[in-house]
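Letter by letter, the chains look like this.
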Amino acid sequence: MRQPLTVMELRTPETDSRLIRPFSGAYGKAVREPSKDSPEGNHQGWDLLAAPGTITYAIAKGTVCEVYPALHGYGQAVVVQFAFRGLQLYAIYGHLSSVAVKKGQPVNEGDPLARTGTSGNAANTRPHLHFGIMTSPIPQKGKDNFISPGRVLGYTHVRGLTTDDHIRLDMG
């Protein structure tokens, strides 16, 4: 498995003044302020800081199963189906500015997919990539079809995500 970005730094209150503790860019329940769309304050993936135009990469060999021009909350987004330990999983890359792939296109681990941006609900935040792992190809509300990206990629290469954070926040 490859990282979706060359540098992996989690969006935190220390790196984005629009977030206030205990809220962060980690995966899990109660890591975001509750809202109409997410009464429990769920966050469906990791927010990884990235300047607009940063290249995002396929984390594994797979197939582009969706390219969304404007997915609710995510803005421009790409979903890649891939195999992991006998399961079919789906990586979602959101808040993009441009996409370099088409639906149905096979990709190899490390292939460039898109460039980061501030589309969707990232327009008023510090620029970042929303990266999530799903168990089905279409995002659901809450965490119904999401698992922690750390279960697939591991945690050690994510700056800002401490061992305590992933036990407390990212395993929920």
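Criteria and thresholds
- Residues numbered from 1 in each chain as written.
- Predicted model: local features only at pLDDT ≥ 70, side-chain atom pairs only at ≥ 80, totals over all residues.
- Heavy atoms only, no water.
- Helix = DSSP H or I, 4+ residues; strand = E, 2+ residues; numbered from the N terminus.
- Buried < 20%, exposed > 50% of the residue type's maximum accessible area, 1.4 Å probe, protein only.
- Contact = heavy atoms within 4.5 Å.
- Areas by Shrake-Rupley, 256 points an atom, 1.4 Å probe, with all protein chains shown as cover.
- Salt bridge = Lys/Arg side-chain N within 4 Å of Asp/Glu carboxyl O.
- Phe/Tyr/Trp six-rings, centres within 6.5 Å; stacked < 30°, edge-to-face > 60°.
- Lys NZ or Arg CZ within 6 Å of the ring centre and 35° of its normal.

J.: Describe the overall build of the protein chain, and please don't skip the residues or the numbers.
T.: For the protein chain, the helix and strand inventory stands at 2 helices and 9 strands. Listing every helix and strand of the protein chain by position from the N terminus yields β-β-β-β-β-β-β-β-β-α-α. Within the protein chain, buried positions represent 52% of all 172 residues. Residue pairs in contact within the protein chain that sit at least 24 positions apart in sequence constitute 60% of those at least 6 positions apart. For the protein chain, the exposed area adds up to about 8,100 Å²; of that, 53% sits on carbon and sulfur atoms.

J.: Mind laying out the pattern of salt bridges, listing which residues take part and the relevant values?
T.: Counted by the stated rule, this structure contains 2 salt bridges. In this structure, D47 engages R11 in a salt bridge whose closest nitrogen and oxygen atoms are separated by 3.0 Å. You can see D47 sitting in strand β1 (residues 46–49) and its partner R11 sitting in the segment before β1, a full 36 residues away along the chain. Comparing D47 with R11 shows no difference in burial state: the two are buried. Linking E66 and K103 is a salt bridge whose minimum nitrogen-to-oxygen distance equals 3.3 Å.

J.: Explain the packing of aromatic side chains to me, using residue names and the numbers behind them.
T.: With the rule as written, the count across this model stands at 1 aromatic pair. Ring geometry for Y93 against F131: centres 5.3 Å apart, planes inclined by 70°, an arrangement best described as edge-to-face. Residue Y93 is found in strand β5 (residues 87–99), and its partner F131 is found in strand β8 (residues 128–134); the two are separated by 38 residues along the sequence. For the residue pair Y93 and F131, the accessibility class agrees, reading buried in each case. Its guanidinium or amino end placed over the ring of Y57, R2 lies 3.9 Å from that ring's centre, counting from NZ or CZ.

J.: Would you mind going over the environment of A70 in detail, with residue names and values included?
T.: Looking at the secondary structure, you find A70 in strand β3 (residues 62–71). The exposure class assigned to A70 is exposed, which follows from its relative accessible area of 66%. Apart from the residues within four sequence positions on either side, A70 is in contact with G75 and Q76.

J.: Any details on the environment of P69? Residues and values, ideally.
T.: In this structure, P69 sits in strand β3. Given a relative accessible area of 70%, P69 falls into the exposed group. If sequence neighbours within four positions are ignored, P69 has contacts with G75 and Q76.

J.: Give me the lowdown on the environment of V78, citing residues and values where you can.
T.: Within the element layout of this structure, V78 appears in strand β4 (residues 75–84). Since its relative accessible area comes to 0%, V78 is described here as buried. Counting along the chain gives 24 residues from V78 to K102, while the straight-line C-alpha distance between them is 9.0 Å. Excluding residues within four positions of it along the chain, V78 makes contact with V64, E66, A91, I92, Y93, L96, V99 and V101.

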